[in-house]
Each structure stands twice: as structure tokens, then as C-alpha cells.
Amino acid sequence: MIFGRNMPLTLMLLPLALTAPPLHGRETYDPNKVAWTRLEFEASKFFVTARSEVELAKHRNDVAATELIEPAGAEALRASDSESYLIAINSRVLSQESQVRFWFDADDAQALQRSELSLSKKRQRHRTYRYAVDGVHAQTLRPGTGESEKPYSGWTDIESEYVPFPKGLDPTVVVTDATSLLYVLPAAALDQPGDSTLMYVYSRGDVSPVEITVKAKEQIAVDYLEVSAKGERQVRALAETLRIALRPHLPQGSKRSDLKLLGLEGDIDFYLDPQTRAPLLLTGRIKIAGSVRLHLRRVDLR
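Residues numbered from 1 in each chain as written. Predicted model: local features only at pLDDT ≥ 70, side-chain atom pairs only at ≥ 80, totals over all residues. Heavy atoms only, no water.

### Considerations on the overall build of the chain
Then step 1. On a plain count of helices and strands, the chain comes out with two helices and 16 strands.
Then step 2. Considering the chain as a whole, with its 302 residues, one finds that 50% of them fall into the buried category.
Then step 3. Nonlocal contacts in the chain, meaning residues at least 24 apart in sequence, comprise 59% of its contacts between residues at least 6 apart.
Then step 4. For the chain, the exposed area adds up to about 15000 Å²; of that, 49% sits on carbon and sulfur atoms. (Helix = DSSP H or I, 4+ residues; strand = E, 2+ residues; numbered from the N terminus. Buried < 20%, exposed > 50% of the residue type's maximum accessible area, 1.4 Å probe, protein only. Contact = heavy atoms within 4.5 Å. Areas by Shrake-Rupley, 256 points an atom, 1.4 Å probe, with all protein chains shown as cover.)

### With respect to the pattern of salt bridges
Then step 1. Summed over all chains, the structure comprises 24 salt bridges.
Then step 2. In this structure, E70 engages R78 in a salt bridge whose closest nitrogen and oxygen atoms are separated by 2.8 Å.
Then step 3. Residue R78 is classed as partly exposed on the basis of its relative accessible area of 47%.
Then step 4. Salt-bridge contacts for R130 lead to E70; the nearest nitrogen and oxygen are separated by 3.8 Å. With a gap of 60 residues between them, R130 in strand β6 (residues 124–131) and E70 in the loop between α1 (61–64) and β3 (83–93) connect regions that are remote in the sequence.
Then step 5. For R130, a relative accessible area of 0% gives the class buried.
Then step 6. Through salt bridges that share partners, E218, R243, R247, D267 and D269 make up one connected network. (Salt bridge = Lys/Arg side-chain N within 4 Å of Asp/Glu carboxyl O.)

### Considering the packing of aromatic side chains
Then step 1. Scanning the model with the defined rule gives nine aromatic pairs in all.
Then step 2. Taking 6.4 Å as the distance between ring centres and 75 degrees as the angle between the ring planes, the aromatic pair formed by Y29 and Y183 counts as edge-to-face. Pair noted here: Y29 is in the segment before β1 (36–45) and Y183 is in helix α2 (residues 181–187), with a separation of 154 residues, a long-range link.
Then step 3. Given a relative accessible area of 8%, Y29 falls into the buried group.
Then step 4. Here the aromatic rings of Y152 and W155 are separated by 6.5 Å at their centres, their planes lie at 70 degrees, and the arrangement is edge-to-face. (Phe/Tyr/Trp six-rings, centres within 6.5 Å; stacked < 30°, edge-to-face > 60°.)

This is the structure:
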């Protein structure tokens, strides 16, 4: 469900229907496995070119606090440690630009806040999801009359709503955002075919389980720039990767998944470098282009 300008932010939450009892939902992750700090991706098909830049960094909680909103109502979640992690994404598809900032806990990928600035010829919108124990505070900003040239912090068309999680959701599971998958897959114990986990992802008012499974070791052709303390090198080779499948459960009554990552929708496959844990290729679908292959073009290593 998408919010419209004249539509209230009240969301109808469907009961969470699982085809099997949850096997996971509160895993722990190792940030030390993740050797990269920055990624650049590109995909081209027909008339469509998609580009995304991803940065991963940790910050003291006083830095995170300058961005985390403090809505009224249910108390928002706090970081469980002295540091929080941030994934920042800049994406562009055709004339549409998106800037995402996602704060989370590294240990369990618990979402703290996701904000996105969406800019196109038809829309200017800044939306923030601030996570609480049993739901999400949703705040949407749009420019009022005469405000389209102002930064989003100066927009006065504001809508707010608290969206509770479905009643059938196990309160012990961690609810996170699809953005966290860029960290979770490298940081998880996903090292051999057959390794698997289950995550619970919030999107558009629903919480959906996403099955994550290492399907196989596969070789793919790669062509990207690697930047490290040793310098720069162009990598053109056949690389052995771990192909990891993301398979979201469909919300009850729905024929499609709301899972979306770097512009890709629905079933998504990651091809992960076993050493650096950088995704060398992502495959999925973009609505206007169909099946798309998102290639790594640059990786910065710690």
C-alpha cells in the first residue's frame, strides 16, 4: 500500500500468515566478517540504467541521536550498544533519485530508523520509519505551497501515524528493514550451500518473513575496481561466489511481495565474494525493465 497526498497514513495490517513455524528471527551477526565499506553497482537494460552507491559505517550513539526522531506515543527503540551502524544508499533509475539512511544494531540487525528522500519530476517526499517495540512510527514530509525549492527539513506538509505490528507476530523476533540485508548476508553464518536463516522485514505496513538460503557455489564473470590500503586494482576474472537466495513469504491475500532492495523487487539473488563478503552481483526484477542484473563496479575495502 502506498500513501497518496490526499490519503491518510492509516494502514490496514493483514494477519501474518506463515507456511511453517518460524525457525529463526533472532540471529546474531559478526560485523568483522564484512571487509567492505563502500559499494557501487550498475545495471543497464534497454533504455533503463540503474546506479546505486552503498556505504556502511559505525558511529557513536550521540552521532546517531542527531538523526533519530523522537515521536510522541510508543517509545522508540534505543541502540543496544555504545555504537550504531549506518547504511547510506544513493540510487538513481531514469529520472528518479533516492537517498536512504538506515540506522541499526549490528549484533542482531534490529532496525532503529529508516529514512528516504525520494525525488522525481512527479514527486518530492521524505519518509521516516522510526521503530518501536511493537510497531513503527511513520512520518512523511512533502513540500507545501512555495516550498519545492527548500530542503526537506523546511517542508510543512507533514503526516504522522503509528503502525502497530500484526497481533500474530512473535514478540521475540527482530523486525528490520530490507536495507539491512546488505549487511546481514555478509555478516551472517552463511558460508556453505544449505546454510540458511529467516528474517522479518517491515515494508508498507506488513511484516513478512524472508527466507535466506545459500543455494550453491557458482562462478560468474566480474569487472570491478577494488580500492584498499594497498592501492587500486581492476578485477576482471571468473570469480567463485556463494549464490544466496532471498525468498519473501507473500502477505496473506497478496499476489506479490513488497520486498524491495536497490530497486530490485520480489525474489532476489546475491552472489557473494566468500573472502571480502562483498556482493559481486544481484539479480531480481525492476518493474519497468523486468529481470535485471545489478553488477558491482567498485568496492572499497577496510
